[in-house]
Amino acid sequence: MDAEPATTGSAGLIARLRARLTGGSSEASLTRRLAGTIFIIRVISAGLAFFSQVLLARWMGTSDYGIYVYVWTWVLLLGSMMDFGISASAQKIIPEYRASGDHALLRGFLSGSRWLTFAVSTLVSLGLAGIVKLMSPWIDPAEELPLYIGCMTLPAFVVANTQDGIARSHDWMQLGLMPQFIIRQALIIGITACAFLLGYHLGAIAAMVASAGAVWIAMTGQMVVLNRALADHVAPGPKAYDISGWLAVSLPILLVESFYLLLSYTDVLVLQQFRPSDEVGVYFAVVKTLALVSFIHYAMSATTAHRFAEYNALGDKARLSAYVAHAINWTFWPSLAATAVLLALGKPLLWLFGPQFVVGYDIMFVAAIGLVVRAAIGPVERLLNMLGQQKICALAYALAFAMNVVLCIALVPRFGGHGAAAATSISLTFETVLLFWIVRQRLGLHVLAFGK
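What comes next is a walk through the structure. (Residues numbered from 1 in each chain as written. Predicted model: local features only at pLDDT ≥ 70, side-chain atom pairs only at ≥ 80, totals over all residues. Heavy atoms only, no water.)

Observations concerning the overall build of the chain
Put simply, the rule is: What counts as a helix is a DSSP run of H or I of at least four residues, what counts as a strand is a run of E of at least two, and both are numbered from the N terminus. What the globule rule says is 2.2 Å times the number of residues to the power 0.38, and the radius of gyration is computed from C-alpha atoms. Exposed residues in this analysis have more than 50% of their type's maximum accessible area, buried residues have under 20%, and partly exposed residues fall in between, with area computed by a 1.4 Å probe over protein chains only. Pairs of residues are marked as contacts when any of their non-hydrogen atoms sit within 4.5 Å. For every accessible area listed, the method is Shrake-Rupley and the probe measures 1.4 Å; residues are considered covered only by the protein chains on display.
Regarding its fold elements, the chain presents 16 helices and zero strands. A compact globule built from 452 residues would reach a C-alpha radius of gyration of about 22 Å, and the chain, at 22 Å, matches this within 12%. When the backbone C-alpha atoms are referred to their principal axes, the chain occupies close to 60 × 55 × 40 Å. Across the 452 residues in the chain, those meeting the buried criterion constitute 53%. Here the contacts in the chain between residues at least 6 apart in sequence split such that 82% fall between residues at least 24 apart. Total accessible area on the chain is roughly 18700 Å²; 69% of this is exposed by carbon and sulfur atoms.

Concerning the packing of helix H13 (residues 361-375) against helix H16 (residues 417-442)
To describe two helices that pack against each other, one gives the angle between their axes and the distance between the axes. As a reminder of what qualifies: Axis lines are fitted to C-alpha atoms, over the contacting stretch for helices. Their N-to-C directions set the angle, which ranges from 0 to 180 degrees. By definition in this entry, angles of less than 35 degrees are roughly parallel, angles greater than 145 are roughly antiparallel, angles of 65 to 115 are roughly perpendicular, and the rest are oblique. Gly is put with the polar residues, along with every residue not named as nonpolar or charged; the nonpolar set is Ala, Val, Leu, Ile, Met, Phe, Trp, Tyr, Cys and Pro, and the charged set is Asp, Glu, Lys and Arg.
Direction vectors running N to C along H13 and H16 enclose 10°, while the axes themselves pass 8 Å from each other. Taken together, the axes of H13 and H16 lie roughly parallel to each other. Across from Asp-362, Ile-363, Val-366, Ala-367, Ile-369, Gly-370, Leu-371, Val-373 and Arg-374 in H13, the residues of H16 making contact are Gly-417, His-418, Ala-421, Ala-422, Ser-425, Leu-428, Thr-429, Glu-431 and Thr-432. Residue composition of the contact of H13 with H16, by class: nine nonpolar, six polar and three charged.

Thoughts on helix H3 (residues 86-100)
Put simply, the test is: The length a helix should cover is 1.5 Å for every residue beyond the first. In this scheme, the bend at a residue equals the angle between the axes fitted to the seven residues that finish there and the seven that begin there.
The terminal C-alpha atoms of H3, which comprises 15 residues, lie 20 Å apart, in line with the 21 Å expected from a rise of 1.5 Å per residue. In H3, a bend of some 25° at Lys-92 exceeds every other bend along the element, and Pro-95, a proline, comes one to four places later. Within H3, eleven of the 15 residues are buried, leaving the element largely enclosed by the surrounding structure.

As for unusual backbone geometry
Of note, Phe-84 is a non-glycine position whose phi angle comes to about 65°, a positive value. Here Phe-84 lies in the loop between helix H2 (27-81) and H3.

As for the environment of Val-341
The residue Val-341 is located in helix H11 (residues 317-344) in this model. For the pair formed by Val-341 and Ala-394, sequence separation is 53 residues and the distance between their alpha carbons is 33 Å.

Comments concerning the nonpolar core
To keep things clear, this is the line we draw: Throughout this description, the term nonpolar core refers to a set of buried Ala, Val, Leu, Ile, Met, Phe, Trp, Tyr and Cys residues connected via side-chain atoms within 4.5 Å. Start and end points for every domain follow an automatic or database-based domain assignment.
Counting residues in hydrophobic clusters, the biggest one holds 68 residues, and the most contacted among them are Tyr-65, Tyr-68, Leu-290 and Phe-353. Sort the elements by how many residues they give to this core and H2 lands first, with 16 residues. Here this core spans two domains, and each of domain 1 (34-241) and domain 2 (259-451) adds at least three residues to it. By size, the runner-up hydrophobic cluster in this structure holds 51 residues, among which are Ile-166, Leu-175, Ile-328 and Ile-377.

Observations regarding the packing of aromatic side chains
We apply this condition: Each pair of aromatic rings taken from Phe, Tyr and Trp, with Trp reduced to its six-membered ring, is defined by centres within 6.5 Å and is described as stacked if the planes are under 30 degrees apart, edge-to-face if over 60, and tilted in the remaining cases.
Tallying each qualifying case throughout the model produces eight aromatic pairs. When the centroid spacing of 5.2 Å and the interplanar angle of 85° are considered together, the rings of Tyr-361 and Phe-365 count as edge-to-face. You can see Tyr-361 and its partner Phe-365 sitting in helix H13, four residues apart, about one turn around the helix. Take Tyr-361: its relative accessible area is 16%, and that puts it in the buried class. A relative accessible area of 39% means that Phe-365 is categorised as partly exposed.

Here we look at the side chain of Asp-83
What counts is decided by this rule: When charges are counted, neither His nor the chain ends are considered; positive counts come from Lys and Arg and negative counts from Asp and Glu. The salt bridge criterion pairs a side-chain nitrogen of Lys or Arg with a carboxyl oxygen of Asp or Glu, the two atoms within 4 Å. Pairs of N or O atoms are called polar contacts if they sit within 3.5 Å, as long as, within protein, a hydrogen donor faces a hydrogen acceptor (for residues adjacent in sequence, only side-chain-to-side-chain pairs).
Tracing the backbone through its elements, the reader meets Asp-83 in the loop between H2 and H3. Despite being buried, Asp-83 has no salt bridge partner; Arg-168 is the closest side chain of opposite charge, sitting 8.0 Å away. A distance of 2.9 Å separates a polar side-chain atom of Asp-83 from the backbone nitrogen of Gly-85. Those residues in contact with Asp-83, other than ones at most four positions away along the chain, are Thr-117, Val-158, Asn-161 and Thr-162.

Section: the environment of Val-282
Looking at where Val-282 falls in the secondary structure, it is placed in helix H9 (residues 277-289). Judged by its relative accessible area of 11%, Val-282 falls in the buried class. Between the C-alpha atoms of Val-282 and Thr-62, which are 220 residues apart in sequence, the distance is 8.1 Å.

Some words on the packing of helix H8 (residues 243-274) against H16
Formally: Note: crossing handedness is left-handed where the near helix turns anticlockwise from the far helix by less than a right angle, and right-handed where it turns clockwise.
The interhelical angle for the contact between H8 and H16, taken along N-to-C directions, is 160°, at an axis separation of 10 Å. It follows that H8 is roughly antiparallel to H16 by the angle criterion. Seen along the crossing, H8 lies across H16 with a hand that is right-handed. Contact residues: H8 offers Leu-263, Asp-267 and Leu-271, while H16 offers Gly-417, Ala-420, Thr-424, Ser-427, Leu-428 and Glu-431. Looking at the contact of H8 with H16 residue by residue, the classes come out as four nonpolar, three polar and two charged.

Below is the structure:
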């Protein structure tokens, strides 16, 4: 999609690398720049998250840290599903409104989507708090208050996700991602460090209070900046609301996102049910260490989704096919390189959490298999969602999720973290094969990083 310089030698190599990474004005060059921006944000975020998890693990101990990880996993899982899929469908709805000139509907979506997700997530959070109250006789008393705090965190988390989708649909990657992935992490570190230095006991409750405060502060700041940016970008005028139309697009995508998230978090949640909290903490440290690989996939997904929708709406199949191939290559090869580096440095990275976390090093190799296999087809789930194939994509994820649950229940009680990692890698491999076949059959595209 981009022409490369014809120069040779070291100067030519540098020129080619510069052109490949930053040059040109084509869609491929813009995608690389935006994906690079997202990846840098996620790497910085990973560094902050890694640093915060190391501090929390050392300050809290494995048991309290395991409880915090368990509750925060529920926040991440439920918060990512409670927006009806609107954060993802925004990347389909907004480009289509712009292409068709439906400015009233565009203005209505930009404001109405956030009010809708906030109202519903607040009601659902109150319901979840009621469930925690009803289940309190069967819940570990040390987990009860952190779970209530997690419920209070959810509305802000959901609105932040919705705003992220709106910002990315306008190519405002920094505005979409920095509040959630950098500012929020920095606030968690700052608040917990202050509490620790002031002599407060830093247990699971204190860590959840810090996390809840960080989510609300970051979301509010993001909302102020996003509203100003939209006021400069979208002309004022009447608003129209097509809530049923939004949900018709969003709900199938919600199924895809939900099953993906369930697939991502099943291992931790099942591990918590069958193994001690300290094992959950070790496994979570392994997952966090390997997170860099997932960030590459996330960066390309976040950058490419709305362009898949745009090119499909314009009927430009050749442009779409070339763009898909470009996205897959720039997902797989960097993911493979990142995996090799992380496995080579795995022991010292885990040691940073504490000497007791090094026992999870072997788990890294098992968990890495699924991540590399998944990267081989790039962000094809976004491609299917943007091209109206949400239902079949959701079915593929549902089957992979069901496989993961069965395998986790079968393997975790006996093999612990190794079993959880094996179950997830097998399920991701199964999911990858299914998605490859679906795209081949439904869209006629080759979506593998190698071969024809």
